[in-house]
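Chain by chain, the residues:
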Amino acid sequence: MALREILQFPDPRLKRVSEPVTEITEEIRELARDMCEAMYDEPGIGLAAPQVGEALRLFVIDTEWNDEDTERNAEVLINPEFIKKEGKTTWEEGCLSVPDYTAEVERASEVTVRALNLEGEEVTYECTGLKAICMQHENDHLDGILFIDRISRLKRSLYVKKRKKKLAAEAAE
Ligand code: NI
């Protein structure tokens, strides 16, 4: 089966605010499976449904996985809600939808997130470190926000310029 294409900036579909999942159907389970497959293939540690063109409040993460030898243990979060955000921390972030770029982003250092899993059960995640960052980054995708929307206007405009130049060069080839 072909892998789902991951949309890249400046695709306008990345800017949409996603709708809650109303029922966990076979289609939703298939979407989650496809997203995990695409995430590991890249590889990445998180992927949100809008990144594969589905405007649904769902993301997958696996912040423990880092190479071919580690066991895959993806978690699927459906209709996630942040019930606690505390502290501040800064991490160098990247995104599968924002090619050739990383930047430091300030976020909460501790978060508690409540979401449904694929069985429809409510799960509460208390996270710190990379997992807390990843949860916030992926949840942002559900609101149409990319990490480059959280950096300075100057840094962002430099990236946008570079990206447009690259796309123009590719189109001219
Ligand atoms: Ni991302």
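The coordinates are above.
Residues numbered from 1 in each chain as written. Predicted model: local features only at pLDDT ≥ 70, side-chain atom pairs only at ≥ 80, totals over all residues. Heavy atoms only, no water.

Asker: Quick one: what's the story with the sheet that holds strand S7 (residues 122-128), residue by residue and with numbers?
Answerer: Strand pairing in a sheet relies on backbone hydrogen bonds, with the paired strands running either antiparallel or parallel. Here we have five strands laid out as an open sheet, ordered S1-S2-S3-S6-S7, and antiparallel in their pairing. In this open sheet, the two edge strands, each paired with only one partner strand, are strand S1 (46-48) and S7. When strand polarity is set aside, the average angle formed by the axes of neighbouring strands in this sheet is 40°. Along the sheet, helix H1 (residues 26-41) makes contact with S1, strand S2 (58-61) and strand S3 (75-86), crossing S2 at roughly 40°. (Pairing = 2+ DSSP bridges. Helix = DSSP H or I, 4+ residues; strand = E, 2+ residues; numbered from the N terminus. Axes fitted to C-alpha atoms, helices over the stretch in contact; angles between N-to-C directions. Contact = heavy atoms within 4.5 Å.)

Asker: Can you lay out the side chain of Arg 107 for me, pointing to particular residues and giving the numbers?
Answerer: Its location among the elements puts Arg 107 in strand S5 (residues 98-107). Assessed through its relative accessible area of 6%, Arg 107 is described here as buried. A polar contact is formed between the side chain of Arg 107 and the side chain of Glu 93, at a distance of 2.7 Å. Sequence-distant contacts of Arg 107, defined by excluding residues within four places in its chain, comprise Gly 87, Lys 88, Thr 89, Glu 93, Ile 133, Gln 136, His 137, Asp 140, Phe 147 and Arg 150. (Buried < 20%, exposed > 50% of the residue type's maximum accessible area, 1.4 Å probe, protein only. Polar contact = N/O pair within 3.5 Å; in protein donor to acceptor, adjacent residues only side chain to side chain.)

Asker: An account of the coordination of the nickel ion is requested, with residue identities and associated values reported.
Answerer: Six octahedral donors around a metal ideally sit at 90 or 180 degrees from one another, while four tetrahedral donors ideally sit at 109.5 degrees. Around the nickel ion, the donor atoms from the protein are Cys 95 (SG), His 137 (NE2) and His 141 (NE2), and they sit 2.1 to 2.2 Å away. Sequence positions of the donors to the nickel ion reduce to the motif C-x41-H-x3-H. Highlighted residues: Cys 95 in strand S4 (residues 89-95) and His 137 in helix H2 (residues 129-142), separated in sequence by 42 residues. As far as burial versus exposure is concerned, Cys 95 and His 137 are alike and both buried. (Donors = N, O, S within 2.8 Å, 3.2 Å for Na, K, Ca; no water.)

Asker: Quick one: what's the story with the pattern of salt bridges, residue by residue and with numbers?
Answerer: This structure, assessed with the given rule, holds 17 salt bridges. Across the pair Arg 4 and Glu 54 runs a salt bridge, and its minimum N-O distance is 3.2 Å. With Arg 4 in the segment before H1 and Glu 54 in the loop between S1 and S2, the pair connects residues that are 50 residues apart, well separated along the chain. Exposure remark for Glu 54: the relative accessible area of 29% places this residue in the partly exposed category. Between Arg 107 and Glu 93 there is a salt bridge, and its shortest N-O distance comes to 2.7 Å. (Salt bridge = Lys/Arg side-chain N within 4 Å of Asp/Glu carboxyl O.)

Asker: Outline the nonpolar core, supporting the account with residue identities and numerical values.
Answerer: The biggest cluster of nonpolar side chains holds 20 residues, and the ones touching the most others in it are Met 35, Leu 47, Leu 58, Val 60, Val 76 and Ile 78. When contributions to this core are tallied by element, the ones reaching two or more residues are H1, S2 and S3. The contacts of Val 76, once residues within four sequence positions are left out, are Ala 32, Leu 58, Phe 59, Val 60, Leu 116, Asn 117, Leu 118 and Tyr 125. Counting residues in each nonpolar core, the second largest holds 14 residues, with Ile 61, Ala 115, Met 135 and Leu 142 among its members. (Core = buried A, V, L, I, M, F, W, Y, C linked by side-chain atoms within 4.5 Å.)

Asker: Which residues make up the environment of Glu 23, and what values do they have?
Answerer: Within the secondary structure, Glu 23 is located in the segment before H1. Considered as a pair, Glu 23 and Gly 120 are 97 residues apart in the sequence and their alpha carbons are 8.6 Å apart.

Asker: Account for the packing of aromatic side chains, naming residues and giving values.
Answerer: All chains considered together, the criterion is met by three aromatic pairs. Consider the rings of Phe 9 and Tyr 159, whose centres lie 6.0 Å apart with planes at 40°: the pair is tilted. Of the two residues, Phe 9 sits in the segment before H1 while Tyr 159 sits in helix H3 (residues 153-172), which places them 150 residues apart along the sequence. Just as Phe 9 is buried, Tyr 159 falls in that class too. (Phe/Tyr/Trp six-rings, centres within 6.5 Å; stacked < 30°, edge-to-face > 60°.)

Asker: Explain unusual backbone geometry to me, and be specific about the residues and the numbers.
Answerer: Most of the time, phi is negative for any residue but glycine, and the peptide bond is trans. The omega torsion of the bond from Phe 9 to Pro 10 falls at 10°, within 30 degrees of zero and hence cis. Locating Pro 10 in the fold gives a position in the segment before H1. Omega for the bond connecting Glu 42 with Pro 43 falls within 30 degrees of zero, at -5°, which places this linkage in the cis form. When you line up the elements, Pro 43 lands in the loop between H1 and S1. At Asp 100, a residue that is not glycine, the phi angle is positive and equals roughly 55°. Along the polypeptide, Asp 100 turns up in strand S5.

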